[in-house]
Amino acid sequence: MFYRLWGVVIEIERHPHTAARLHAAERAVDDPDPDTRANAIREAGEIVRAAHRQLAGG
């Protein structure tokens, strides 16, 4: 399990633009505006799911 999770991190970090989007979303999760937080959670989820799909070969 650890290697699969670490693989997702590596997949995201090897693409600077994607990593920057994820880090921005992580920071935005603490925003006081509920819409900003919801968008950040959605963005982070999409990035992580895409990395999982990429690792799965698809």
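See the structure printed just above.
None of these values were measured; they are calculated from a predicted model. (Residues numbered from 1 in each chain as written. Predicted model: local features only at pLDDT ≥ 70, side-chain atom pairs only at ≥ 80, totals over all residues. Heavy atoms only, no water.)

Chemist: So what about helix H2 (residues 16–28)? Which residues, and what values?
Modeler: Residues separated by three or four positions in an α-helix point in the same direction, a consequence of the helix having 3.6 residues per turn. The first and last C-alpha atoms of H2 sit 18 Å apart over 13 residues, in line with the 18 Å expected at 1.5 Å per residue. The set of residues buried in H2 consists of Ala 19, Leu 22, Ala 25 and Ala 28. (Helix = DSSP H or I, 4+ residues; strand = E, 2+ residues; numbered from the N terminus. Expected span 1.5 Å × (residues − 1). Buried < 20%, exposed > 50% of the residue type's maximum accessible area, 1.4 Å probe, protein only.)

Chemist: Describe helix H3 (residues 34–55), with residues and values.
Modeler: Between its first and last C-alpha, H3 extends 32 Å over 22 residues, near the 32 Å set by a 1.5 Å rise per residue. All of the buried residues along H3 are Ala 40, Ala 44, Gly 45, Ile 47 and Ala 51. Along the long axis of H3, the arc covered by the buried residues comes to 165°, so they all point the same way. Against the buried residues of H3 lie helix H1 (2–13) and H2. Among the residues trailing H3, Gly 57 stands out with phi positive, at a value near 95°. (Arc of directions from axis to C-beta. Contact = heavy atoms within 4.5 Å.)

Chemist: Tell me what's going on with the packing of H2 against H3, and back it up with residues and numbers.
Modeler: Interhelical geometry of H2 versus H3 gives an angle of 145° and a closest axis separation of 8 Å. Crossing handedness for the pair H2 and H3: left-handed. Contacts from Thr 18, Arg 21, Leu 22, Ala 25 and Ala 28 of H2 reach H3 at Thr 36, Arg 37, Ala 40, Glu 43, Ala 44 and Ile 47. (Axes fitted to C-alpha atoms, helices over the stretch in contact; angles between N-to-C directions. Left-handed = near helix turned anticlockwise from the far one by under 90°.)

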